[in-house]
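# Observations on chain architecture
Read off the chains here:
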Amino acid sequence: MIHIKINKKLAQETINKLREENIIDDNYLIKHDDDYVYIPVRKIIDNYDTVDIEGNKKENNNTKISFSYDVIGNIAIIKGKTENEVNYLAKELIKRKNIETIYLDRGISGEFRKRSLELIYGSDMKETLYRENSINLMVNIDKAYFSPRLSTERLRISNEVNENDSIIDMFCGIGPFSILIAKKVKCNIIAMDKNPDAIELLKKNIKLNKLKGNITPLSGDSGELIKDYSNIDRIIMNLPHDAYNFLVPAFNALKNRGVINYYEICDLNTLEKRMKFFRDSGFEIVYKRIVHGFSKYLNMYSIEIKKI
Ligand code: SAM
C-alpha cells in the first residue's frame with residue numbers, strides 16, 4: 001500500500017492539502033512513528049517521498065460512513081450524520097498526538113459565517129495557531145470564519161500575483177489569502193471584512209508573519225467600502241453563498257485586464273447563468289474548477305475571470 005512519508009512537523013498541512021485534492025485513501029488509517037507520518041494515498045504523486053508498506057485498514061470499512069473533519073492546529077472539527085459516525089471519528093482522532101480538542105460542527109451560519117460548535121473532547125479551546133503554505137495564522141474558530149480547505153487555491157492565486165499589483169480581498173476573514181500573497185510578493189492589498197473580530201485577528205496575523213507586501217485591514221461592508229477604489233489589478237471574492245450580490249461594485253473597481261477570483265457554491269444551472277453573466281459583462285473565463293462538493297447537487301466552484 002503506497003503511503004506518503006512526511007516529517008511530523010509538516011504532516012497536518014500535507015494531510016489538509018491531500019484531503020482537499022481527494023488523494024488520501026480513507027479506507028486506511030494514517031500511521032505514525034517518532035519522526036514521520038505515513039499517509040495512505042490512492043496514487044503516487046510527484047514531489048513527495050513515498051513508501052510501500054502494509055496498510056492499516058479501518059475497522060468499520062464495510063459500513064457506509066459519511067463524515068468529514070478539519071484539523072486546525074491542535075483542534076479537530078468534525079461533522080457526522082449519526083452519533084455512531086461522530087463517536088467513531090472522535091475515537092480515531094484522539095489517537096493523534098497533536099489533537100487536544102474536538103468539536104462537533106453543528107453548521108456555519110449568519111453573515112459572519114460563524115460555526116455553531118459543541119465540545120466533545122478535551123478542553124474548551126477555540127484559539128489556535130495554524131500553519132499553512134509557510135505562513136502562521138492565529139485562528140479563533142468561535143469569533144471568525146476559517147477553513148483549511150482552500151489552501152491549494154490560496155497557493156495557486158499567490159503564484160499568479162505580480163510585483164506592485166493592487167489587490168482587494170473583499171471578504172478576507174482572518175486573512176489567509178492576503179497574508180500568503182503578501183508573504184510572497186511585494187504588492188498592495190486592501191483586506192475587508194464586516195466582522196470586526198476577523199479584522200482584529202487579521203491585524204495579529206500581519207504581525208505574526210514577515211511580509212513583503214503591504215496589507216491595509218478595513219472593517220465594514222465591502223459592497224460599500226469598495227466604491228472608494230478603482231483601477232485594481234485583482235479582486236478576491238470568497239463569500240461562496242452571496243458573492244454574486246457584490247459583483248457589480250467589484251466590476252467597477254477593476255481595471256481593464258484585471259482579474260477576479262470568484263467562489264460560489266451552486267448547482268450546474270446557476271453556474272451556467274453566472275458564466276453567461278460574466279461573458280455578457282465583458283469578461284473572459286480563464287479558469288474554472290470544482291474545489292469541493294457541498295451537497296448532492298451543489299459544489300463549491302473556483303472561477304477566475306478577466307476583464308476584456
Ligand atoms: N476569505 C476568508 C477565508 O478564506 O478564510 C473568509 C471567507 S468567509 C467564507 C466570508 C467572510 O466574509 C466572513 O469572514 C464574513 O464575516 C465576511 N462578510 C460577509 N458579508 C460581508 C460584507 N458584506 N462585507 C465584508 N465582509 C463580509
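Look up: the structure comes first, before these words.
### Let's talk about the environment of Ile-6
Assignment of secondary structure puts Ile-6 in strand E1 (residues 2–7). Residue classification places Ile-6 among the buried residues on the basis of a relative accessible area of 10%. A C-alpha to C-alpha distance of 13 Å links Ile-6 and Lys-17, two positions 11 residues apart in sequence. When near neighbours in sequence (up to four residues on either side) are disregarded, Ile-6 contacts Ala-11, Thr-14, Asp-35, Tyr-36, Val-37, Ile-39 and Tyr-48.

### Here we look at the sheet that holds strand E13 (residues 214–219)
Adjacent strands of a sheet form backbone hydrogen bonds with each other and so pair up, either parallel or antiparallel. Spatially, the seven strands line up as an open sheet ordered E13-E12-E11-E14-E15-E17-E16, and their pairing is mixed. One side of each edge strand has no neighbouring strand; the edge strands of this open sheet are E13 and strand E16 (283–293). Ignoring strand direction, the axes of neighbouring strands in this sheet form an average angle of 15°. Bridge analysis of E16 against strand E17 (residues 299–307) gives nine bridges, and the strand direction is antiparallel. Paired with Gly-293 across the bridge in E17 is Asn-299.

### Some details on a nonpolar patch on the surface
Among the surface-exposed residues, Ile-94, Ile-120 and Tyr-121 lie close enough to one another that they form a single nonpolar patch of about 220 Å² accessible area. Residue placement: Tyr-121 occurs in strand E8 (residues 114–122).

### Some words on the state of the cysteines
Inspection of the entire model under this criterion finds zero disulfides. Summary of cysteine pairing: Cys-172 is not part of a disulfide, and the nearest cysteine sulfur, belonging to Cys-187, is at 14 Å. For Cys-172, a relative accessible area of 3% translates into the label buried. With a relative accessible area of 4%, Cys-187 lands in the buried category.

### Section: helix H2 (residues 83–94)
Taking 1.5 Å of rise per residue, 12 residues should cover 16 Å, and H2 covers 16 Å from first to last C-alpha, within 8% of that figure. Of the residues making up H2, those classed as buried are Glu-85, Val-86, Tyr-88, Leu-89, Ala-90, Glu-92 and Leu-93.

### Remarks on the pairing of strand E14 (residues 232–237)
Put simply, side chains in a regular strand alternate between the two faces of the sheet. In terms of residue burial, E14 counts as a mostly covered element, since six of its six residues are buried. In the sheet, strand E11 (residues 166–169) pairs with E14 via three bridges, with the strands oriented parallel. Bridge assignment links Ile-168 to a residue of E14, and that residue is Ile-235. Crossover E14 to strand E15 (residues 254–266) through helix H7 (residues 247–253) is right-handed.

### Let's talk about helix H8 (residues 268–280)
Here H8 spans 18 Å end to end across 13 residues, near enough to the 18 Å set by a 1.5 Å rise per residue. Those residues of H8 that fall on the buried side of the exposure criterion are Leu-271, Arg-274, Met-275 and Phe-278. Buried positions in H8, seen along its axis, are confined to an arc of 100° and lie on one side of it. Along H8, exposed side chains directed more than 90 degrees from the buried face belong to Asn-269, Glu-272, Lys-273, Lys-276 and Asp-280.

### Digging into the packing of aromatic side chains
The tally for this structure, following the rule as stated, stands at seven aromatic pairs. Look at Tyr-262 and Phe-278: their rings are 5.4 Å apart centre to centre, the planes differ by 80°, and that puts the pair in the edge-to-face class. Taken together, the residues span a long stretch of sequence, with Tyr-262 in strand E15 and Phe-278 in helix H8 at a distance of 16 residues. In this pair, the class of Tyr-262 matches that of Phe-278, namely buried. An aromatic cluster is built from Phe-251, Tyr-262, Phe-277, Phe-278 and Phe-283, whose rings are joined through pairwise contacts. Residue placement shows Lys-5 over the ring face of Tyr-36; its charged tip is 4.4 Å from the ring centre.

### Quick word on the packing of helix H3 (residues 151–160) against helix H4 (residues 176–184)
Across the interface, H3 lies against H4 with an axial gap of 9 Å and an inter-helix angle of 40°. Viewed along their axes, H3 and H4 adopt a mutual orientation that is oblique. Two packed elements cross with a definite hand, and for H3 against H4 that hand is right-handed. Contacts between H3 and H4 involve Glu-153, Arg-154, Leu-155, Ile-157, Ser-158 and Asn-159 on the former and, on the latter, Pro-176, Phe-177, Leu-180, Ile-181 and Lys-184. Residue classes in the contact of H3 with H4 are distributed as six nonpolar, two polar and three charged.

About the thresholds
Residues numbered from 1 in each chain as written. Predicted model: local features only at pLDDT ≥ 70, side-chain atom pairs only at ≥ 80, totals over all residues. Heavy atoms only, no water. Helix = DSSP H or I, 4+ residues; strand = E, 2+ residues; numbered from the N terminus. Buried < 20%, exposed > 50% of the residue type's maximum accessible area, 1.4 Å probe, protein only. Contact = heavy atoms within 4.5 Å. Pairing = 2+ DSSP bridges. Axes fitted to C-alpha atoms, helices over the stretch in contact; angles between N-to-C directions. Patch = residues over 30% accessible without salt bridge, like charges linked within 9 Å, V, L, I, M, F, W, Y side chains within 5 Å. Areas by Shrake-Rupley, 256 points an atom, 1.4 Å probe, with all protein chains shown as cover. Salt bridge = Lys/Arg side-chain N within 4 Å of Asp/Glu carboxyl O. Disulfide = S-S within 2.5 Å. Expected span 1.5 Å × (residues − 1). Right-handed = clockwise from strand over helix to strand, strands pointing away. Arc of directions from axis to C-beta. Phe/Tyr/Trp six-rings, centres within 6.5 Å; stacked < 30°, edge-to-face > 60°. Lys NZ or Arg CZ within 6 Å of the ring centre and 35° of its normal. Parallel < 35°, antiparallel > 145°, perpendicular 65-115°, else oblique. Left-handed = near helix turned anticlockwise from the far one by under 90°. Nonpolar A, V, L, I, M, F, W, Y, C, P; charged D, E, K, R; others polar.

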